[in-house]
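Spelled out, the chains give:
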Amino acid sequence: MSHPFPVSKNVSAMKASSTLKAAQAAATLREQGHDVVDLTVGEPDFETPAFIKEYAVEGLQKGLTKYTPSSGFNSFREAVASFYQHRFGAEFSPVEVAAACGGKQALFNAACTILDPGDDLLIPKPYWVTFPEIGTFCRANNVFIETERSDFVLTADEVARSITDKTKLLILNSPNNPTGRVIPPAEMLKIVEVCAERNVYVLTDECYLFFTYDPAEPFSLAVLPPELRSYVCVAGSFSKTYAMTGWRIGYTIANEEWTKAMVKLQSHSATHPTSFVQYACAKALNDPEASIAAVNSMLDEYKRRREFLIPALNSIPGFKCAIPEGAFYAFVDVRDLLGEKYKTSADVADAMLSEAFTVVTDGAGFGAEGFLRFSYATSLENLHRAIDRLGSLFADSSVGAA
Ligand SMILES: Cc1ncc(COP(=O)(O)O)c(C=O)c1O
């Protein structure tokens, strides 16, 4: 182009996704003919359950190919409410539910309808890469909360210390991407209480809700009594839960006023998620036994992978990894390897890429320099291959001076 394109300030201020960068590096090496083990992927390696695909076909055959209300079909909103009632005993009305095009749009809708320029947005570290970018887009101030002291599990005390008169919203994500850590339900409740007392709202990203390992249990803030829940927006997603990343469907559960604002915003942007996809998801949620069984079979496989991966990572010199209680990520502390040879965790990731053709995501993009994220949403065979390669690469590392 002969003249510079005037990208808006809001968008120029946003950073490109670091998780996508790592995945692209893997794709380039693969194109060059290398046998790459890619542990960057943040999406299930399973197929969408057959019964959900069949419902989508049924929706198409019924002629559900036109606009739906911007909030989603009433049947979709009702199905979300009755599923949460069945699974968690949560009591909320379908008018507090709105369909969205994936968890990401649910989060954007929620944040953009509450944040004004200059508001403080509290983001616990390490964070999913999109959270600060949403704050930036809304011209809010991203205020980060350090959690390493409590092993990356956010506490109500830390939240209380971080709230000021400017704080409008706190973003929670448990089970967490990138750490796999889970905030215990009692602490979650305390966090919401601390926020509500100070008139701070909570946006809880529950996209990994159903992926928890014993003794952790799925826990949704949708179960709160109405007074506390009026401060909370739950962002839910079908993407990871039912291996439906490409279908682009999620939802919010929030008080009626917040929901109306989100629906207004959505009515001028995406309008609504795909009609027959909403139909398929409503049918799936109305068959909770089948949907829960489908999730549990994926969870069993993630468990097997986690049982192999975490001890195997800890056996590599210079690697330290806490046991994740949820999601499908291992977050490895490689700070013992830093020194002359590797100055940053990005250098460690680069060496893994160029010398062992194994790709992972550097923690710096999640606000945690010194760490690497390994996704185990890939086959056990791939995980074995990665461990063999990394075991050889770091076998001779003299920890601390490598
Ligand atoms: C923490 C977290 N939230 C939300 C999403 C968004 O998922 P989707 O928009 O596909 O529902 C992701 C995807 O990687 C995620 O890791």
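Look up: the structure comes first, before these words.
Residues numbered from 1 in each chain as written. Predicted model: local features only at pLDDT ≥ 70, side-chain atom pairs only at ≥ 80, totals over all residues. Heavy atoms only, no water.

A. Expanded view of a nonpolar patch on the surface. Where nonpolar side chains cluster on the molecular surface, the patch consists of Met 1, Phe 5, Val 7 and Val 11 and spans about 450 Å² of accessible area. With respect to the helices and strands, Phe 5 occurs in the segment before α1 (9–12). For Phe 5, a relative accessible area of 59% translates into the label exposed. (Patch = residues over 30% accessible without salt bridge, like charges linked within 9 Å, V, L, I, M, F, W, Y side chains within 5 Å. Areas by Shrake-Rupley, 256 points an atom, 1.4 Å probe, with all protein chains shown as cover. Salt bridge = Lys/Arg side-chain N within 4 Å of Asp/Glu carboxyl O. Helix = DSSP H or I, 4+ residues; strand = E, 2+ residues; numbered from the N terminus. Buried < 20%, exposed > 50% of the residue type's maximum accessible area, 1.4 Å probe, protein only.)

B. Focus on the site of the ligand. Among the 13 residues in the neighbourhood of the ligand, the closest are listed as Gly 103, Asp 205, Ser 237, Ser 239 and Lys 240. Separating an oxygen atom of the ligand from a backbone N or O atom of Lys 104 is a distance of 2.9 Å. One of the side-chain nitrogen or oxygen atoms of Trp 128 is found 3.4 Å away from an oxygen atom of the ligand. When the free accessible area of the ligand is taken as 390 Å², the share hidden by the protein chains comes to 92%. Using a 2 Å cut-off from the grid points, one finds that the ligand occupies the largest pocket. (Near = heavy atom within 4 Å. Polar contact = N/O pair within 3.5 Å; in protein donor to acceptor, adjacent residues only side chain to side chain. 1 Å grid on protein atoms, 1.4 Å probe; cavity = no way out; pocket = protein on both sides within 12 Å on 5 of 7 lines; lining within 4 Å. Sits in = over half its atoms within 2 Å of the grid points.)

C. Region of interest: the layout of surface pockets. The space that makes up the largest pocket amounts to roughly 880 Å³. Residue lining of the largest pocket: 39 residues in total, with Ser 17, Thr 19, Lys 104, Trp 128 and Val 129 positioned closest to the centre. Listed by contribution, the elements that provide at least two residues to the lining of the largest pocket are α2 (18–31), α5 (102–112) and α6 (130–137). The element best represented in the lining of the largest pocket is α2, accounting for five residues. Residue-level mapping places the lining of the largest pocket at the junction of two domains, with at least three residues from each of domain 1 (9–47 + 299–394) and domain 2 (50–291). (Points joined across faces, edges and corners; volume = space filled by probe spheres on them. Domains from an automatic or database assignment.)

D. Quick peek at the sheet that holds strand β2 (residues 97–100). Ordered in space as β2-β8-β7-β6-β5-β3-β4, the seven strands form an open sheet in which the pairing is mixed. On the outer flanks of this sheet lie β2 and β4 (141–145), each paired with one strand and no other. Neighbour to neighbour, the strand axes of the sheet diverge by 20 degrees on average, direction disregarded. As paired strands, strand β3 (residues 120–124) and strand β5 (residues 167–173) are joined by three bridges and run parallel to one another. Its bridge partner lying in β5, Leu 122 is registered against Leu 170. (Pairing = 2+ DSSP bridges. Axes fitted to C-alpha atoms, helices over the stretch in contact; angles between N-to-C directions.)

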